[in-house]
Each structure stands twice: as structure tokens, then as C-alpha cells.
2 protein chains.
Amino acid sequence: MSLFTGLSAFPLTPLAYDQIDEAAFIGLMQRLTTAGVDSITVLGSTGSYAYLTAGERDRIAHLAVEHAGTTPVFVGIGALRTSQILANIDSAQRAGASGLLLAPMTYQPLTEDDVFALFRTVTQHADLPIIVYDNPGTTHFTFNTELYARISALPGIASLKIPGVPAEPVKAREHIAAIRAIIPNHVTIGVSGDAFAATGLRAGGDAWYSVIGGTLPHSALAITRAIQQHRDGDALQESQRLAPLWDLFTAFGGSLRVTAAIAEYLGLVPYQSLPLPIQGLSTSQRARVAEVVEALELAK
Amino acid sequence: MSLFTGLSAFPLTPLAYDQIDEAAFIGLMQRLTTAGVDSITVLGSTGSYAYLTAGERDRIAHLAVEHAGTTPVFVGIGALRTSQILANIDSAQRAGASGLLLAPMTYQPLTEDDVFALFRTVTQHADLPIIVYDNPGTTHFTFNTELYARISALPGIASLKIPGVPAEPVKAREHIAAIRAIIPNHVTIGVSGDAFAATGLRAGGDAWYSVIGGTLPHSALAITRAIQQHRDGDALQESQRLAPLWDLFTAFGGSLRVTAAIAEYLGLVPYQSLPLPIQGLSTSQRARVAEVVEALELAK
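Residues numbered from 1 in each chain as written. Chains lettered and ligands numbered in written order. Predicted model: local features only at pLDDT ≥ 70, side-chain atom pairs only at ≥ 80, totals over all residues. Heavy atoms only, no water.

- As recorded in an unreviewed UniProt entry, chain A goes by 4-hydroxy-tetrahydrodipicolinate synthase and comes from Enteractinococcus coprophilus.
- UniProt annotates chain A under Sequence similarities (unreviewed entry) with the comment "Belongs to the DapA family." (UniProt positions renumbered as here; feature names shortened; annotations may be inferred.)

Quick look at the side chain of Arg286(A)
Residues and elements named next belong to chain A.
Line of reasoning, step 1. Along the polypeptide, Arg-286 turns up in helix H13 (residues 283-295).
Line of reasoning, step 2. Its relative accessible area of 15% is what places Arg-286 among the buried residues.
Line of reasoning, step 3. When residues no more than four places from it in sequence are discounted, the contact partners of Arg-286 are Ala-261, Glu-264, Tyr-271, Gln-272, Gln-279, Gly-280 and Leu-281. (Helix = DSSP H or I, 4+ residues; strand = E, 2+ residues; numbered from the N terminus. Buried < 20%, exposed > 50% of the residue type's maximum accessible area, 1.4 Å probe, protein only. Contact = heavy atoms within 4.5 Å.)

Points about the UniProt feature "active site" (unreviewed entry) in chain A
Line of reasoning, step 1. Following the UniProt record, the feature "active site" (unreviewed entry) maps to Tyr133(A) and Lys161(A) here. Despite a sequence span of 29 residues, these residues sit close together in the fold, their greatest C-alpha distance being 4.9 Å.
Line of reasoning, step 2. Locating Tyr133(A) in the fold gives a position in strand E7 (residues 130-133).
Line of reasoning, step 3. Residue classification places Tyr133(A) among the buried residues on the basis of a relative accessible area of 3%.
Line of reasoning, step 4. When near neighbours in sequence (up to four residues on either side) are disregarded, Tyr133(A) contacts Ser45(A), Leu101(A), Leu102(A), Ala103(A), Pro104(A), Phe143(A), Lys161(A) and Tyr107(B).
Line of reasoning, step 5. Within the structure, the side chain of Tyr133(A) is placed 2.6 Å from the side chain of Ser45(A), a separation counted as a polar contact.
Line of reasoning, step 6. Mapped onto the fold, Lys161(A) is located in strand E8 (residues 157-162).
Line of reasoning, step 7. Residues contacting Lys161(A), with those up to four places away along its chain left out, are Phe10(A), Leu101(A), Ile131(A), Val132(A), Tyr133(A), Asp134(A), Gly190(A), Ser192(A) and Tyr209(A). (Polar contact = N/O pair within 3.5 Å; in protein donor to acceptor, adjacent residues only side chain to side chain.)

Observations regarding the sheet that holds strand E10 (residues 207-210) of chain A
All names here are of chain A.
Line of reasoning, step 1. Pairing is parallel around the closed barrel formed by eight strands, whose spatial order is E1-E4-E5-E6-E7-E8-E9-E10. For this sheet, the mean angle separating the axes of adjacent strands, direction not counted, is 25 degrees.
Line of reasoning, step 2. In this sheet, E10 lies alongside strand E9 (residues 188-191) in parallel orientation, the contact comprising two bridges. Opposite Val-191, over in E10, you have Trp-208 as the bridge partner. (Pairing = 2+ DSSP bridges. Axes fitted to C-alpha atoms, helices over the stretch in contact; angles between N-to-C directions.)

Details of the interface of chain B and chain A
Often the size quoted for an interface is simply the accessible area lost on bringing the parts together.
Line of reasoning, step 1. In this complex, chain B contributes 37 residues to the contact, which on the side of chain A involves 37 residues.
Line of reasoning, step 2. Both sides of the chain B and chain A interface together cover about 3300 Å² of buried area, and 49% of this is carbon and sulfur.
Line of reasoning, step 3. For the chain B face of the interface with chain A, the top three residues by lost area are Tyr51(B), Arg81(B) and Tyr107(B), together amounting to 27%.
Line of reasoning, step 4. At the boundary of chain B with chain A, the tally comes to six salt bridges.
Line of reasoning, step 5. Run the count over chain B and chain A and you get 28 residue pairs in polar contact (both at pLDDT 80 or more).
Line of reasoning, step 6. For the side of chain B that touches chain A, the secondary structure elements donating two or more residues are helix H3 (82-95), helix H4 (112-125), helix H5 (136-139) and helix H12 (255-265) of chain B.
Line of reasoning, step 7. Tallying contributions element by element places H4(B) first for the side of chain B that touches chain A, with four residues.
Line of reasoning, step 8. Of the residues in the side of chain B that touches chain A, the class split is 18 nonpolar, 13 polar and six charged. (Buried area = accessible area lost by both parts, 1.4 Å probe. Salt bridge = Lys/Arg side-chain N within 4 Å of Asp/Glu carboxyl O. Nonpolar A, V, L, I, M, F, W, Y, C, P; charged D, E, K, R; others polar.)

What about helix H4 (residues 112-125) of chain A?
Line of reasoning, step 1. For H4(A), built from 14 residues, the straight-helix expectation of 20 Å at 1.5 Å per residue is met to within 8% by its first-to-last C-alpha distance of 20 Å.
Line of reasoning, step 2. When H4(A) is considered as a whole, its buried residues turn out to be Asp114(A), Val115(A), Phe116(A), Ala117(A), Leu118(A), Phe119(A), Val122(A) and Thr123(A).
Line of reasoning, step 3. Structurally, H4(A) contributes buried residues whose contacts are with helix H3 (82-95), strand E6 (99-102), E7, helix H6 (145-152) and E8 of chain A together with H12 of chain B. (Expected span 1.5 Å × (residues − 1).)

Here is the structure:
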């Protein structure tokens with residue numbers, strides 16, 4: 001079975017006074033391996049890869065592999081410039097990663113041909129399998145299914161991380177089927193957008209690239225294992241139970257700030273663990289996050 | 001008079017095989033000082049600041065000041081992380097810059113409070129005056145006039161670089177007057193969007209932060225000086241004459257790729273001078289650029 005299936009947990013990269021808090025990061029890694037996630041993706045958007053220096057990223061990749069035990073580690077390699085991406089690949093490969101995650105970051109808007117050529121260059125350079133990371137909310141680059149097909153046909157592409165699927169189950173199934181129909185069989189489809197993950201897995205997603213999986217692995221595993229064991233009702237029930245959490249993602253500017261606030265509330269990472277200029281949630285927003293954590297018993 | 005008036009020319013940072021082409025960059029600097037631009041802003045969006053390493057940016061700042069003679073040099077300091085911005089400030093100040101340019105780059109979307117706090121931190125750290133750089137096409141952060149006012153009130157803010165004004169002269173004048181009404185008198189308003197620069201200067205803009213000014217300074221100076229000498233008709237006529245150039249900006253994905261292609265065609269910078277993954281224009285697009293350069297006699 002492909003490495004790129006099941007629950008891939010995306011841990012935060014906690015900072016303390018603008019330096020990586022290594023002890024906190026190692027703690028997150030141990031939390032994930034103990035919980036039994038299928039893989040760990042460090043330096044995803046949740047891991048603040050775009051904000052870190054090449055040296056910090058190299059350090060995180062090494063720490064992750066060192067503390068992941070037998071759990072496969074995937075490493076985000078994205079950067080604005082191709083040569084920086086290639087250097088990140090070398091670093092992740094030296095660290096002992098099992099896969100690489102690449103989103104087409106932009107400052108100047110990129111064309112489809114720019115992005116295709118980027119993935120071609122990267123697949124030619126890398127020895128490890130690559131996850132194509134489609135995250136228009138941060139990259140402002142919009143893939144289409146034809147571009148998915150062109151890139152997925154490149155040797156070395158192993159998985160496609162797609163944004164949230166439609167909430168309506170039939171539409172979600174059609175969406176994933178449409179992608180599945182035009183990409184090679186060995187390329188897995190992984191869903192993102194935690195609120196719709198149960199729907200996406202049920203609709204045929206092979207993997208869940210999960211923000212909450214990196215901080216609340218038990219909740220994410222409950223949903224993932226239920227789908228894998230054909231207990232779809234249990235998965236949907238757990239996802240529905242977490243609705244107040246998904247509502248916070250919508251109300252408070254996305255999953256990153258809320259997840260960091262949860263990890264900070266639970267004492268997993270230091271207060272204000274995100275890289276400035278991202279200030280994180282306000283005091284009143286944090287109070288609401290604490291209420292939801294307690295009401296949903298997320299601390300367990 | 002404020003340093004932040006008149007024509008500020010934004011040169012490219014030419015690369016050759018992913019390394020800065022220092023001779024080509026020095027050539028651009030000499031071209032600008034000889035032409036007599038009012039200031040030079042290096043490491044703007046046109047100068048690919050977002051793609052360069054801290055070391056490359058330090059080198060460009062030093063080369064710029066060294067070769068600018070008496071022309072003031074402003075340096076772009078933007079980065080995704082606040083601590084990196086502060087390091088860029090230190091570097092630009094050591095190099096001898098006369099001003100700093102800061103756009104709120106984003107990967108995760110920023111809130112208004114994030115951006116205000118960033119500018120507050122930066123003004124507290126910097127000794128040099130700062131240009132607030134509003135470029136939603138690359139940063140995906142949208143300022144509003146109230147935020148202009150909050151930030152412009154910070155000590156050390158010297159100028160506001162706004163995106164293109166409305167094409168209609170009365171609307172352009174109203175737009176600039178609305179901003180002028182709520183920012184301190186000492187803060188100048190500089191227009192961008194070369195196609196609308198004549199309109200923007202006529203409508204009360206104090207400065208033109210100019211992409212073509214960095215590569216075709218004579219054309220940009222013709223427009224700027226005409227407005228300053230109250231020959232509005234001449235300015236509008238020159239801007240109108242350049243319409244085929246502005247049309248290329250629209251048709252070929254923005255000013256950067258077209259300006260790089262012009263500089264490459266003129267032999268000012270090496271072929272494919274932009275940082276990958278930006279591939280630059282196609283062969284057929286370059287042929288069209290060459291036609292326009294010849295027809296408009298831009299090589300002069």
C-alpha cells in the first residue's frame with residue numbers, strides 16, 4: 001500500500017521568542033507517534049515552512065526523523081525560488097525523510113507552464129516521492145484538473161493534496177472521481193480542509209492531510225479509522241461532534257491560528273508560538289477556543 | 001522638499017544562471033543616475049526582493065549605494081517574517097540607504113492588526129524613513145484608507161506607495177484627495193501602475209514609483225517632468241504614445257515579465273534574467289515585445 005494513505009498529521013513548528021522551541025516540537029512528534037498516525041508531515045503550512053530559514057527547516061527535518069520512530073516523515077520543501085526548493089530537497093533527503101510536499105508559493109503570480117516546469121525540475125532533482133500541494137488560500141495559485149493530470153504524470157509524483165471537497169456527499173464523490181479518472185493509479189488523492197475530511201475520505205480520498213491531526217491526533221484518528229473500517233456513520237458523527245471546532249476555523253481566520261491557540265491552551269507549545277507578524281488570536285478569541293476545547297473534551 | 005517625490009525608478013535585479021549579474025545591475029544603476037531620476041528603489045517587486053536571500057539583498061543594497069552617486073537609494077525590506085524584515089533594515093541601513101520600502105508579504109493571510117503591529121515594530125526599529133508599499137496583486141493584503149491613516153501616523157512613515165489610480169481623471173483626483181485628507185502632511189503619496197502614472201501625478205500624486213523608470217528612465221522622466229512643469233498635455237501625450245507598452249503589461253501577465261523582456265532585448269540584462277520558477281515571456285511574446293520596443297523607439 002502506498003505510504004501516502006490514511007492519516008498524515010501536520011504538526012506546528014512552535015516558536016518561542018522567534019526561535020524554534022525544539023523541546024515543544026519533539027513533544028509534538030512524540031504525541032503523534034504514540035497516537036499512531038500513519039505519517040507525519042512537517043513543514044506544511046501548519047508547520048509555518050514559508051516563514052523559516054533554510055537552517056531552521058533543515059533542523060526541523062532532522063528532529064522529525066530522529067523522533068518519529070518508524071512513522072514515515074514527509075517534509076515540506078516549498079519556497080519562492082526554484083533553487084531554494086532544490087536546496088530544501090537535498091536537506092530533507094539527507095535528514096531521512098520518506099516523502100516531500102511542494103506547494104507552488106507565489107509572490108509574482110505564476111502561469112500554469114511555470115508551475116508545470118517547476119514540478120518537472122523538482123521531480124528530476126529529487127530521489128523521494130512528491131506530494132503535489134494545492135493550497136490556493138496561501139499560494140494564490142489555482143490548479144485545474146488538467147494541470148493535476150500533467151503534473152501527476154511526471155515520474156516521482158506520489159500524491160495530490162487537494163483543498164476541501166464539496167460538503168455535499170454526491171458532489172464530493174464526483175469531484176474526487178473526476179480527479180481520479182485523469183491521474184495515474186499509483187498517485188493517491190489526499191484531502192485537506194479538516195471540516196470536510198470525513199466527507200472527503202468517504203468520497204474516495206485515500207489520505208487526510210490533517211491540520212488537527214498534528215495537534216489532536218486522537219480525534220483525527222477516530223474519523224480516519226472509522227472510514228477505513230467502513231463505519232462511515234461513526235466518522236460523520238465524530239466530525240459533526242467537532243462542528244464547534246470547525247466553526248472556530250471559519251470565524252477566527254483559518255485553521256492555523258486556532259490550532260496554535262489550542263496547542264498553546266493545552267500547554268503543548270509556548271504562548272504566541274506563531275511567527276510574527278502573525279499575532280495569533282486575541283484574548284477573547286482564546287477564551288472562546290478554551291471553551292470549545294473543554295466542551296468537546298479535546299484535552300483528552 | 002521630501003525625498004519621496006518625483007520619479008523613483010525601480011530597477012530589475014538581473015540573474016544569470018540563478019546568480020546575481022552584478023555587472024548588469026551596475027549598468028542599470030549607471031543608466032538611471034545618468035538619466036537623472038530623482039531616486040532609485042532597489043529590491044522592489046521589480047527587483048525581485050521576495051526571491052532573494054538575505055545575503056543577496058545585502059549585496060544589492062551595497063552595490064546600489066556605491067553606484068548611485070548622489071541619487072538617493074531606497075531599499076525594499078519586505079519578508080514573510082518580522083525578524084527577517086528587521087535584519088533587512090539593519091543591512092540596508094549599513095549599506096547607506098536613504099529610505100526603506102515595506103510591503104506586507106503574506107503566506108497565511110494577515111489581519112489589519114497584524115499589519116499595523118508590523119509597521120509599528122518596523123518604525124520603532126528603523127532609523128530611516130519608510131515607504132508603505134500597498135501591492136495587493138503580490139501580497140494579497142488589501143489596505144483601506146483607515147489603515148493608511150493609522151500606519152501613516154506612526155513616526156518614521158514618509159510615503160505611501162499606492163496601486164494604480166482610477167483611469168478617469170476626476171475619480172483619480174477624488175481618490176488621492178481622500179487619502180491626502182486622512183494622512184499627515186509630511187507623508188507623500190506615490191502612485192504605481194505605470195499605465196496610469198500620468199493620470200495619478202496629475203491627480204495630485206507626489207511621486208511615481210515606476211517599473212519602467214528602472215529600465216526606460218527617459219520615457220518615465222518625460223512624463224514626470226512634464227507634470228512637474230505643468231505641461232499636463234505633454235505628459236498625457238507621452239503616456240498615450242506608450243499605450244502599446246501598457247497593453248503588453250495587461251496581455252502578458254503584468255509589468256515584471258514584460259520589463260525583463262525589454263531589458264533582455266535591449267541587452268541591458270542577460271536572457272532569462274528573472275528568478276525561476278518565473279520563466280519569463282515565450283518566444284512569440286518576446287517577438288511582440290521587440291516590435292513594440294522598435295515601433296515606440298524605446299531603445300533610444
